[in-house]
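Residue-level structure breakdown
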Amino acid sequence: MKGIKNLSISKRISLYLIIGILVYILINSIVVYIFSKQIIDDYTSGYIESRQEQVNSAVSQLIEDIIINVVRLTTYDPLYGILADKHIDYLKKEEEIKACIESLNLDTNKIAQIEIVDREQNTYTYSWVEAKIDSLPSTFLQQVQGSKLGVWSEVVKDSSGQAYLGYGVPLYNYYTMQKGGHVIVWIKEEAIRKTYRSKFEDMGSIFIVNENDIILSHENEALIGHAALFIGADSDKKEFSYAMSGKGKEKVILSKIENKTLSRNLGLHMYVVTSLNYEQIFSIIKQVNKGLAILSIVIALGIIIGIFFMCNKLSARLHILAKKIKVLGEGNMDDVIYDTTQNEVNILEENFNKMVEEIRLLIEKNNYEKEQQRKMELVALQAQINPHFLYNTLDTISWMAKIQKQPEIEEMVIQLAKFFRLSLNSGKKYVTIEQEINIVKSFVTIEQVRAPKRFTMHYEIEEGVETYRIVKLILQPIVENAIKHGMNRRRKDGNIYLKIKRIENKIFFFIEDDGVGFDINAKRPPDDKGGLKPSGYGIKNVRERLELEYGSSAGIDIESKPGMGTRVSVYVGIEELCSSINK
């Protein structure tokens, strides 16, 4: 190793490159040996997965389109009127329901049949296929009646062998809040099959199964409804997986992936399964390996040819750079040699020179910023206000008012001092709800001295909520808005209510007034002559601080009507309030 260090740079680089080429050839041989498996893991899995995702997307779009049709039917108000009408007979109802369905222009290319069952178990069937579809078991109908979002059936075939997938959903009249029976929609398997046909062309096949590996859709219609026993991939372990399987003498690559969109949104557990011919895939791998071997040989030859030329060229430039660094180390900036040649070493030289200049500028800038920071700290120190001086001053004014027998001034000063004490809270960020209420009381007392008899403040505090901690100054800005805007046009007899309740897992703060109110849907907030400004700084500030501190578990809702008063609701999750104790 010592002998290698004594070699010149050009010789060392040549030696290292030759060793590198030998190692490269050895590694390349190993890579070629294991490349087939790597191709299967990367190329094949990526190829299959991308197409399975395409199929999943297409099937999801198809099912969602059908669900939209179902929703249009189940929310069609005239349908409920017909079903509830006891003055018309069965045939008349059947005719009118058919007219309703036809008016909705449902997609009959995807939907084969619709069965509507009313509360008296009368069935009205409307089919767009000639063959009769087999009936579903009573257990499925019971599941539909007891469900809220809908139930999917197993595959059912008609008398001609065509397959269908059933979807049952209860009828619920949102106007009368009553159940009106249920609807069963039969989806054509042929429509599902069209979404993935020819996705893999001549490389294999694709089909769809449920969570029990029962085939829901397949190019071979005879297999629909039967179990796919040779599936070896386990989609529960990963987002995507595949396995080798021997089907007779033919070796295939099987892959199975769940349609998570339908599973999550509609409760339909559907899996896309692909079966690819292993020999066809392996022929691609052989071609890739052959190309890789040729490319490796070409690269190795190119490296060997360029070694001696590049080494001599590079070492000469490095000698120049070493000389420059030596001159710079001696502190002689004027003797640095500059070269206009454009190559990597020259770029390194330029950047080195720039680095020296930038270091000098940064040192000067750092010294300047330190001086400016020292000056700013001095100004800030001089501008500090001691809160104790403010409290002592207010206490002195209070005693003077008491001596002069001015109880109103005394009370106002006391409440002002209390308001400042609670608001500042020794610089702490959180206060108890009880302290927050006291801040409001102090502020209200001051306002009532300023405008006596304009309004009366009412407090309704649920027992047990006072000990929770919350970010301070949440309620006072809202109460101030209620006084300033809600009570502005009232001369007297106004009322403001502060109610705090625990509802489920949240604490609600309600600030209500019977003031002038405002139009919540107005494009512009009302002016200072009346009404709360929901976009004002105070409300906006409170909302932003709540969202910043508690996230989506906290927020503000505003309800108001002109002449009817305003109600502001502030809510915070109890779990988030509890977590703030440790902050």
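Rules and cut-offs
- Residues numbered from 1 in each chain as written.
- Predicted model: local features only at pLDDT ≥ 70, side-chain atom pairs only at ≥ 80, totals over all residues.
- Heavy atoms only, no water.
- Pairing = 2+ DSSP bridges.
- Helix = DSSP H or I, 4+ residues; strand = E, 2+ residues; numbered from the N terminus.
- Axes fitted to C-alpha atoms, helices over the stretch in contact; angles between N-to-C directions.
- Contact = heavy atoms within 4.5 Å.
- Buried < 20%, exposed > 50% of the residue type's maximum accessible area, 1.4 Å probe, protein only.
- Arc of directions from axis to C-beta.
- Parallel < 35°, antiparallel > 145°, perpendicular 65-115°, else oblique.
- Left-handed = near helix turned anticlockwise from the far one by under 90°.
- Nonpolar A, V, L, I, M, F, W, Y, C, P; charged D, E, K, R; others polar.
- 1 Å grid on protein atoms, 1.4 Å probe; cavity = no way out; pocket = protein on both sides within 12 Å on 5 of 7 lines; lining within 4 Å.
- Points joined across faces, edges and corners; volume = space filled by probe spheres on them.
- pLDDT = per-residue confidence, 0-100.
- Phe/Tyr/Trp six-rings, centres within 6.5 Å; stacked < 30°, edge-to-face > 60°.
- Patch = residues over 30% accessible without salt bridge, like charges linked within 9 Å, V, L, I, M, F, W, Y side chains within 5 Å.
- Areas by Shrake-Rupley, 256 points an atom, 1.4 Å probe, with all protein chains shown as cover.
- Salt bridge = Lys/Arg side-chain N within 4 Å of Asp/Glu carboxyl O.

Read from one edge of the open sheet, five strands run S2-S1-S5-S4-S3, paired in antiparallel fashion. Since the sheet does not close on itself, it has two edges, and those belong to strand S2 (123–127) and strand S3 (151–157), each with one partner. Here the average twist between neighbouring strands, direction ignored, is 20°. In this structure, S3 lies alongside strand S4 (residues 163–173), joined through five bridges in antiparallel fashion. Residue pairing for S4: Val 151 is matched across the bridge by Gly 168. The strands touched by helix H3 (residues 77–84) are strand S1 (111–117), S2, S4 and strand S5 (178–188); relative to S4, the strand with the most contacts, the crossing angle is about 80°.

Taken together, the buried positions of H3 are occupied by Leu 79, Tyr 80, Ile 82 and Leu 83. Down the axis, H3 shows its buried residues gathered within 160° of arc, on one side only.

Glancing now at the packing of helix H12 (residues 433–450) against helix H13 (residues 476–486). For any two helices packed against each other, the geometry is given by the interaxial angle and the distance between the axes. Viewed as axis vectors pointing N to C, H12 and H13 meet at an angle of 30°, and their least axial separation amounts to 9 Å. Regarding the angle of H12 to H13, the classification is roughly parallel. Relative to H13, the crossing made by H12 is right-handed. Residues Glu 436, Ile 439, Val 440, Phe 443, Val 444 and Glu 447 of H12 touch H13, and the partners they reach there are Gln 476, Val 479, Glu 480 and Ile 483. Its residues assigned to classes, the contact of H12 with H13 shows six nonpolar, one polar and three charged.

Its boundaries defined by the atoms lining it, the second largest pocket holds a volume of some 300 Å³. Lining the second largest pocket are 16 residues; nearest its centre among them are Tyr 80, Leu 83, Ala 84, Arg 119 and Gln 178. Of all elements in the fold, only H3 and S5 reach the threshold of two or more residues within the lining of the second largest pocket. Sorting elements by how many residues they give to the lining of the second largest pocket places H3 first, with five residues. Among the residues making up the lining of the second largest pocket, the classes are represented as three nonpolar, five polar and eight charged.

Let us look at unusual backbone geometry. The phi dihedral of Asn 105 is positive, around 50°, even though this residue is not glycine. Inspection of the secondary structure puts Asn 105 in the loop between helix H4 (90–103) and S1. Since its relative accessible area comes to 63%, Asn 105 is described here as exposed.

The next subject is the confidence of the model for the protein chain. In regions of low pLDDT, the predicted coordinates are not meant to be interpreted in detail. Summing up the model confidence of the protein chain, the mean pLDDT is 76 and the portion of residues at 70 or higher is 70%. For the protein chain, per-element mean pLDDT is lowest for strand S8 (residues 241–247), which scores 52, and highest for strand S15 (residues 506–513), which scores 94. Note on residues 233–240: pLDDT under 50 across the span, and 19 contacts to partners over four residues away in sequence or across chains. Contacts of residues 525–535 to residues separated by more than four positions or lying in other chains number 32 contacts, the stretch itself having pLDDT below 50.

With that settled, the discussion passes to the packing of aromatic side chains. Under the definition given, this model contains four aromatic pairs. Ring plane angle 15° and centroid distance 4.7 Å describe the contact between Tyr 90 and Tyr 124, whose orientation is recorded as stacked. On the criterion of sequence distance, the pair formed by Tyr 90 in helix H4 and Tyr 124 in strand S2 is long-range, its members being 34 residues apart. When its relative accessible area of 35% is taken as the criterion, Tyr 90 is described as partly exposed. Each ring, one from Trp 152 and one from Tyr 167, has its centre 4.4 Å from the other, and the planes form 40°; the classification is tilted. In this pair, Trp 152 sits in strand S3 while Tyr 167 sits in strand S4, placing the two residues 15 residues apart along the sequence. Grouping residues by exposure puts Trp 152 and Tyr 167 together as buried.

Our focus in this paragraph is the side chain of Ser 569. Mapped onto the fold, Ser 569 is located in strand S17 (residues 565–573). For Ser 569, the residues in contact, after removing those within four places along its chain, are Phe 509, Phe 510, Gly 555, Ile 556, Asp 557 and Glu 559.

Side chains of Ile 18, Leu 22, Tyr 24, Ile 25, Leu 295, Ile 299 and Ile 303 sit close together on the surface and give an oily, nonpolar patch of about 600 Å² of accessible area. Residue assignment for the nonpolar patch shows that the elements contributing at least two residues are helix H2 (9–74) and helix H8 (278–329). Mapping Ile 303 onto the fold places it in helix H8. Judged by its relative accessible area of 36%, Ile 303 is partly exposed.

Before going further, it helps to examine the sheet that holds S17. An order of S12-S14-S15-S17-S16 is seen for the five strands of this open sheet, with the pairing classed as mixed. The open sheet has two free edges, formed respectively by strand S12 (455–461) and strand S16 (555–561), since each of these has just one partner strand. Going from strand to strand, the sheet's axes swing by 10° on average, the running direction of each strand aside. In this structure, S12 lies alongside strand S14 (residues 494–503), joined through seven bridges in parallel fashion. Across the sheet, His 458 pairs through a bridge with Tyr 497, a residue of S14.

Quick look at the pattern of salt bridges now. Taken as a whole and judged by the stated rule, the model has nine salt bridges. Of the charged contacts, one joins Glu 96 and Lys 92 as a salt bridge, the two residues approaching to 3.9 Å between their closest N and O atoms. Of this pair, Glu 96 and Lys 92 both sit in helix H4, four residues apart, which is roughly one turn of that helix. The exposure class assigned to Glu 96 is partly exposed, which follows from its relative accessible area of 26%. Overall, the relative accessible area of 37% leaves Lys 92 in the partly exposed class.

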